[in-house]
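Single-letter residue listing:
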Amino acid sequence: IVPIYTATGWGNAAVLGNEGLPVCAAYPYATLTDVTARSPYCLFTDLHKKPDYSPVRYRSEDYPVVYAEMGCGIQMGYSLRPKVYPKGIATMLLRSIGSGTNGFGYYMYHGGSSPKMSGGYAYFSDGDGMLPRISYDFQAPLGENGLEHESYRRMRMLHLFINDFQQQLAPMETVLPDGSDKLAPEDVDHLRYAARMKDGSGFLFLINYQDHEVNRHDMMGIRMKINLNGETLYVPAQNSFTLPKDVNMIMPFNMKMDGALLKYATAQPLMIINDREATHYMFFVPDGINPEFLFDKATVKGKYLFNPVPGLKSTFTVKTGSGKTIRITTLTESEALNAAKVNGKMVITDATLLPSDHGATLLSLSKPEFSYIVYPSDKGFATQYKTVAAVEPSFGVKKYSDRLMTVHFNDSTIHPQIHEYFLQMDYTADVAMAFLDNELVDDDFWHGQPWIVALNRFKKSLVSQDMTIRLRALKNDNSCLKSLPQEVIPDFSNGSVLDVKNIRVVPEYQTDISF
């Protein structure tokens, strides 16, 4: 096996010539920039001609577009505390696929906690002066404690598409409409779209989202015209559709499906399942979109136009000219957000899903009830349920002042249905810090969200001592306030703010399912 060597390719960096692959980066919410500005990564471009963070020192047309640092989160700084918009992250990913990307590496996909330096006397971020000493949550899809942020599921929908349609997608080139290079992030009246295509087949990519933009609106009366060799294709064939505000889509055209030719679908491909000797294509539609599937009637037997109602009862069957059967189900957006593919089966659940060789482990924060769908199975699309015994964590909080308190929690009973315990603190302040053995073990720069601390890692210390919580008041001249969303800014009419609304210990339940 010959490794592929990569090197930073952005920002005019030195590259390795033909000895390595230059890789790209894109950070929509970089801490050291104006974090209140609109992201440029909601606009399509041809990345083979103009990589992000150009100029570059290599001929971009000679290499595949591969990201090493697609910024699907950002670290919290002291003076700048940018908000990561989950739909903005998903938009950047969709935009990059439509703009020609064929490889994705993220920074960071999973947050974590920074260890101390050797000897335990200093912190890796000490010399920085702007980052938390411990927390490196990064607002990543999977946060510091392993909990999901909203971006995780929005990205997963696109990862499922990439995994199951990569053979068609990878060789397709980006095609942009005339004038696309004139669009700016502040433009709210023009649809943003691109296509990737090869040999008359391809995918349309549509964007109607822009972060930090309140004036964006529904795009009405959309009817796409695709000029192909020997064919002009309209999507839809009749009438038009509306792309709601803050909604993006991928639509296939002239897609070969086991001998049937799908001329277009106003629905987004999600995954492919082998279903009882038939191929089962899973699509979904965002809320507000009416799905339509039009097949080339010369390639199917019988009905060739379908307008299903989205949901688990939407399945229809198509017979190809050669006699093969394909099935198509169009999920709702909420169903697609909860969908994953494990061991060749689709699993739909609102629980966090950890795949295993024989099924999956489901995790649920605070709820001992689990619901899930496994398809295909003898249950079909029926929802299955499991419940584990509820646990009420015993803990105590002793308040010494507004700035100082201790939390007592000693979990001496083994509960096999418990995966983790989390300390959750809903508060407003500047900085929160947790100490054990008089050493800092976790910290948080307040940014309008509850502070969450995973407790199992401190189990041994918590047997003999309480966790000390120290807070620092938030002042009205703190520079971080300029970067926070206006809706979370507290009232400073009575001076500095230091307010703990709620502290609790929350269990994360677990259960195994087999299939």
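This text goes with the structure placed above it.
Rules used throughout
- Numbers given for residues are sequential positions, taken from 1 along each chain in its written order.
- Where totals are concerned, whole chains, interfaces and linings use all residues; where local detail is concerned, this predicted model gives features only for residues with pLDDT of at least 70, and gives and counts side-chain atom pairs only at 80 or more.
- Side-chain numbers come from the whole structure's heavy atoms, not from hydrogens or water.
- Two strands pair if DSSP finds at least two bridges between them.
- Each helix is a run of H or I in the DSSP string that is no shorter than four residues. Each strand is a run of E no shorter than two, and both are numbered from the N terminus.
- Orientation is described by axes fitted as lines to C-alpha atoms, over the contacting stretch for helices, and by angles from 0 to 180 degrees between their N-to-C directions.
- Two residues form a contact once any of their heavy atoms are found within 4.5 Å.
- Think of a salt bridge as a Lys or Arg side-chain nitrogen and an Asp or Glu carboxyl oxygen that are within 4 Å of each other.
- To sort residues, take the accessible area from a 1.4 Å probe on protein chains only and compare it with the maximum for the residue type: under 20% means buried, over 50% means exposed, and anything in between is partly exposed.
- Residue types Ala, Val, Leu, Ile, Met, Phe, Trp, Tyr and Cys, when buried and joined through side-chain atoms within 4.5 Å, form a set referred to as a nonpolar core.
- Using a 1 Å grid laid over the protein atoms alone, points where a 1.4 Å probe fits but cannot get out form a cavity; open sets with protein on both sides within 12 Å along at least 5 of 7 lines form a pocket; any residue with an atom within 4 Å of a point counts as lining.
- Grid points are joined across faces, edges and corners, and a volume is the space filled by probe spheres set on the points.
- Each residue gets one of three labels, nonpolar for Ala, Val, Leu, Ile, Met, Phe, Trp, Tyr, Cys and Pro, charged for Asp, Glu, Lys and Arg, and polar for the others, Gly among them.

**Quick notes on the sheet that holds strand β31 (residues 418-428)**
- The five strands lie next to each other as β25-β26-β36-β31-β34, forming an open sheet whose pairing is antiparallel. Two strands lie at the open edges of the sheet, namely β25 (352-356) and β34 (451-454), each paired on one side alone. Across the sheet, the axes of successive neighbouring strands diverge by a mean angle of 25°, strand direction being ignored.

**Overview of the side chain of E508**
- Mapped onto the fold, E508 is located in strand β36 (residues 499-514).
- If sequence neighbours within four positions are ignored, E508 has contacts with L147, L363, S364, L365, Q417, I418, H419, E420 and F422.

**Observations regarding the pattern of salt bridges**
- Counted by the stated rule, this structure contains 20 salt bridges.
- With a shortest N-O distance of 2.6 Å, E231 and K263 are connected by a salt bridge. Taken as a pair, E231 in strand β12 (residues 231-235) and K263 in strand β15 (residues 260-265) lie far apart in primary sequence, 32 residues in all.
- The exposure class of K263 is buried, given its relative accessible area of 13%.
- With a shortest N-O distance of 3.8 Å, R327 and D275 are connected by a salt bridge. Here R327, found in strand β22 (residues 325-332), pairs with D275, found in strand β16 (residues 268-275); they are 52 residues apart in sequence, far enough to count as distant.
- Residue classification places R327 among the buried residues on the basis of a relative accessible area of 18%.

**A closer look at the nonpolar core**
- Core analysis: the largest hydrophobic core is formed by 85 residues, its most contacted members being F203, L243, M257, F283, F293 and F295.
- Grouped together as the second largest cluster of nonpolar side chains are 46 residues, A340, F409, M467 and I513 included.

**Comments concerning empty space enclosed by the protein**
- Applying the stated rule across the entire model yields three cavities of 30 Å³ or more.
- Empty space within the largest cavity amounts to approximately 60 Å³.
- Lining the largest cavity are P22, C24, L47, P51, Y58, S60, Y63, P64, V65 and V66.
- Elements with a minimum of two residues in the lining of the largest cavity: β2 (21-26) and β3 (65-70).
- Within the lining of the largest cavity, the residues separate by chemical class into nine nonpolar, one polar and no charged.
- The volume enclosed by the second largest cavity comes to roughly 40 Å³.
- Taken together, F409, N410, D411, Y421, L455, N456, K459, L462 and V463 make up the full set of residues lining the second largest cavity.
- Its residues placed into classes, the lining of the second largest cavity shows five nonpolar, two polar and two charged.

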